[in-house]
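Residue strings, one per chain:
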Amino acid sequence: MIPYAKRSFARLLITLLIASSVLASAAPHPVHAAYQAPENIRVAFFLNLSSFKSITPVATLQSSGGLNLSWNESANSLPLATAPAGQAVRFGMDGYRALLAETEDYSAAIAVLKKVQASSNAAFVTQLSKSGRTVYQVSEGAYASASEASAALTKWTKAGVASGVQSSTAARIAGPLALEAGPYASLAEAQAAADQFGGAGLDAFAALKPQNGALSYIVRVGQEKDAASAAALQQSAMAAAGGANVRIPGVNEPYVTLRNDMTYNGSAKVAVPLYAIPVGGGAVLRADPAGEGGIQLIERSKRTYRGSMEISVLNQALAVVNDVNLEQYLYSVVGTEVGSGWPLEAQKAQAVAARTYALSVGTRYQIAHVVDTTLIQAYYGISSENANSTAGVNETAGQVMTIGGKPISAVFSSNAGGVTADTKSEIWGGDNSFLASNVTSPDEGPQKSKLDWYYVALPSGQVGYIRSDLVSDSGQTHVSGAKYLKVSGEGTAVRSRPQVVSTIEPIARVGAGTLVVELDKVPEYTVYSWTEAPMTSEQLLTALNKRAKTPINAPLVTLEVSKRGPSGRVTEVKANGTVVDVGVPDNLRGAFGGLMSTLFSIEETGRYTIINGDGAKREVPERSGTLQAIGSDGQVRSIQDPNLFIMDGNGSLRAATTSPSFVISGKGNGHGGGMSQWGARGLAEQGYDYQYILQYYYKNVTIEKDA
């Protein structure tokens, strides 16, 4: 008998021999280092790029716990200032502006501001001290050149926005060129020096600039449009400074000017600090929350975000970027992208897909990895977070889908309409073999518990949609064989599409007991199944010609689907018999004015075949001319009404029009590639876990936790 210790050793030896045998006989596997995700991600709100153009003249930040402001220079962070809890701080561009008025009358300045704000979001009132008095300068613009500011000045002057205001200076172009005085030991000393220059009638502002690894306080004197006018100030500026050093700084020297901005609080007459960064760039400012609260960005729908805000100038426009922990970023993304009540496994699938997609894009936007819109994925800040989405992120922390050690471009869409797109032919082309193509997706969730709608003809000849609970079967039949439905409520709305939209007026209202003819029965408008309101020839022609590479000649007479891909999505349409080239098939969504998906069909209500008494056919609208019909009395009458009703080849009543009109209906919302969010919910409700869901929609991927 083998003693216990020897038996254990023997078992271990046998186990090792078996393991080595299996490893020796296994096929070789590619080896790669574990993927390592960055701790933070940079999200752009405002950038001036061809790939993402989101422009603002000013960014206003505040935090419930206060803000710490700093200047980022290479690897150094230089303390700049602090803002108390709840106090706003503004950031803008020290560029060219149209200076419209300078007045001691604050109410008059605000009146001019409001006139300009009616058509511009770049209007400012700046408080400064001049000639011993407090004055308010009203300006418009954050322009990159003097010529742009000059054009704006001409426009506002002609509009008379400052007429009647007692201005102490003529309207002019204010620019970023200035003299420099200092340095000073503190902000208070710099402000006192600025007031001294102002006492001589000069525009002067305290400012900061980096020198020898620290920030120095200086004063910038003048707001000039060119170097010559700035140089002309030097003698008077030196005299005002009592012979102190006043120099002409180099055009590339970085600085930030501090202005007292009166715009944000308006009639409250409370100044807010505004830090103006040179139009040519060079300064990178950062705001960090001083307490537990996030940072509210007023110009982004007043949303509040975790992390820090970085403000700079890129391509002569203000740039605002959120530097935030990757997992915290996902709290908001997942909370924005899917419903808070969705199953946890769907939340987890969304978290991994969103994390993977964000990491796959790299630094696509120069100074940012991603943007906050659905161009990448929706990111709406702390208010979009919820306990369920946060749990989905935390329980998959660091998990990424990779192929060959690299994150895949894990695109997803809202609803695939029951089947995902074929990635080769129906979306963008290219190699997207890791996306599951043409697979069934359980997307019908949005339709559950929704009522159907009836498409009906009214006694007036109008057609529209009435919700099914507002009508009942009258028991009567139209001469065509169609049912008469009886309206049950007074003032029942008839809609242009099968959906209640409070901002869209009904096309008609009908009284209780009214009989309407049933033409069709359709699902309620959702992201799973939808029918758009009828579009005229003119509306569609305008939409298509915005995207068509070759313009379509008016009028638009016919519009038809000419090719579909494997999943049934439209890959080609013809207008007036000619293919409409809009580039890749997914561009058709935008070309049709913003369709939810390309899984659609087109009903041409103005297209039909008429057979006369002797069997001759007339194709409408290919042959023009007046339509005529023989009434029950044998009289021939011209059809004047835009709507008419005809029997189709199956003997069913069909609503048609005497001129070209188009009804587009379809399924799904989004491009249909990768994971369907509603499909993920459907699979989770069937009991599948997040890993199964991900591997259902993404093929040949490894779900790995970053190193």
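The structure presented is a predicted model; accordingly, all values stated were derived computationally and were not measured.

**Some details on the packing of aromatic side chains**
Within this structure, the stated rule accounts for 14 aromatic pairs. Judged by centre distance (5.8 Å) and plane angle (25°), the ring pair of F91 and Y275 falls under stacked. With F91 in strand β6 (residues 89-94) and Y275 in strand β16 (residues 272-278), this residue pair connects regions lying 184 residues apart in the sequence. You'll find F91 and Y275 in the same group, each marked buried. Three or more aromatic residues link up through ring pairs in this structure, and these residues are F45, Y305, Y329 and Y379.

**Details of the pattern of salt bridges**
Counted under the stated rule, the structure contains 26 salt bridges. Note that D203 and K130 form a salt bridge whose closest N and O atoms lie 2.7 Å from each other. Of the two residues, D203 is situated in the loop between α4 (187-199) and β12 (204-211) and K130 in strand β8 (residues 123-130); the sequence distance between them amounts to 73 residues. Residue K130 is classed as buried on the basis of its relative accessible area, which comes to 10%.

**So, the packing of helix α12 (residues 677-685) against helix α13 (residues 690-697)**
Each pair of packed helices can be described by the angle between their axes along with the distance between the axes. The geometry of α12 relative to α13 is characterised by a closest axis approach of 10 Å and an angle of 135° between their N-to-C directions. As judged from the angle between their axes, α12 and α13 are oblique. Considering only the axes of α12 and α13, their crossing is right-handed. For the pair formed by α12 and α13, the contact residues are G679, A680, L683 and A684 on the first element and I693, Y696 and Y697 on the second.

**A short note on the nonpolar core**
Counting 88 residues, the largest nonpolar core has Y329, M401, M675, L694 and Y698 as its most contacted members. For this core, the leading source of residues is helix α8 (residues 344-360), giving nine residues.

**Some thoughts on the sheet that holds strand β37 (residues 578-579)**
The strands making up a sheet associate through hydrogen bonds between their backbones, and the pairing can be parallel or antiparallel. Strand order in this open sheet of three strands is β35-β36-β37, and the pairing throughout is antiparallel. The outermost strands of the open sheet, each flanked by one partner alone, are β35 (559-564) and β37. Direction of pairing for strand β36 (residues 570-575) relative to β37: antiparallel, over a ladder of two bridges. Within the sheet, the bridge partner assigned to K574 lies in β37 and is V579.

**Structural notes on the packing of helix α7 (residues 326-337) against helix α9 (residues 387-394)**
Between α7 and α9, whose axes approach to 8 Å, the crossing angle comes to 130°. When the axes of α7 and α9 are compared, the pair comes out oblique. Between α7 and α9 lies a crossing of right-handed hand. Listed contacts from α9 to E327, L330, Y331, V334 and G335 of α7 are S389, T390, V393 and N394. By residue class, the composition of the contact of α7 with α9 is four nonpolar, four polar and one charged.

**Considerations on α4**
Here α4 is 13 residues long and its end C-alpha atoms lie 18 Å apart, about the 18 Å a rise of 1.5 Å per residue gives. Within α4 the residues assigned to the buried category are A190, A193, A194, F197 and G198. Relative to the axis of α4, the buried residues are bounded by an arc of 145° and lie together on one face. Tucked into the core, α4 has its buried residues touching β8, β11 (177-184), β12, β13 (214-224), α6 (234-240) and β14 (246-247). Downstream of α4 by a residue or two, G201 has a phi angle that is positive, lying close to 85°.

**A few points about the domain arrangement of the chain**
Considered domain by domain, the chain is made up of domain 1 (327-443 + 672-705), domain 2 (451-523) and domain 3 (529-667). Counting from both sides, the interface comprises 16 residues of domain 2 and, opposite them, twelve residues of domain 3. When the area that domain 2 buries against domain 3 is broken down by residue, the three leading residues are S480, R497 and L519, summing to 36%. The tally of links between domain 2 and domain 3 comes to one salt bridge. For E532, the salt bridge is made with R497, and the minimal N-O distance between the two is 3.1 Å. The interface formed by domain 2 and domain 3 includes one residue pair in polar contact (both at pLDDT 80 or more). Classifying every residue of the side of domain 2 that touches domain 3 gives nine nonpolar, six polar and one charged.

Cut-offs applied
- Residues numbered from 1 in each chain as written.
- Predicted model: local features only at pLDDT ≥ 70, side-chain atom pairs only at ≥ 80, totals over all residues.
- Heavy atoms only, no water.
- Phe/Tyr/Trp six-rings, centres within 6.5 Å; stacked < 30°, edge-to-face > 60°.
- Helix = DSSP H or I, 4+ residues; strand = E, 2+ residues; numbered from the N terminus.
- Buried < 20%, exposed > 50% of the residue type's maximum accessible area, 1.4 Å probe, protein only.
- Salt bridge = Lys/Arg side-chain N within 4 Å of Asp/Glu carboxyl O.
- Axes fitted to C-alpha atoms, helices over the stretch in contact; angles between N-to-C directions.
- Parallel < 35°, antiparallel > 145°, perpendicular 65-115°, else oblique.
- Left-handed = near helix turned anticlockwise from the far one by under 90°.
- Contact = heavy atoms within 4.5 Å.
- Core = buried A, V, L, I, M, F, W, Y, C linked by side-chain atoms within 4.5 Å.
- Pairing = 2+ DSSP bridges.
- Nonpolar A, V, L, I, M, F, W, Y, C, P; charged D, E, K, R; others polar.
- Expected span 1.5 Å × (residues − 1).
- Arc of directions from axis to C-beta.
- Domains from an automatic or database assignment.
- Buried area = accessible area lost by both parts, 1.4 Å probe.
- Polar contact = N/O pair within 3.5 Å; in protein donor to acceptor, adjacent residues only side chain to side chain.

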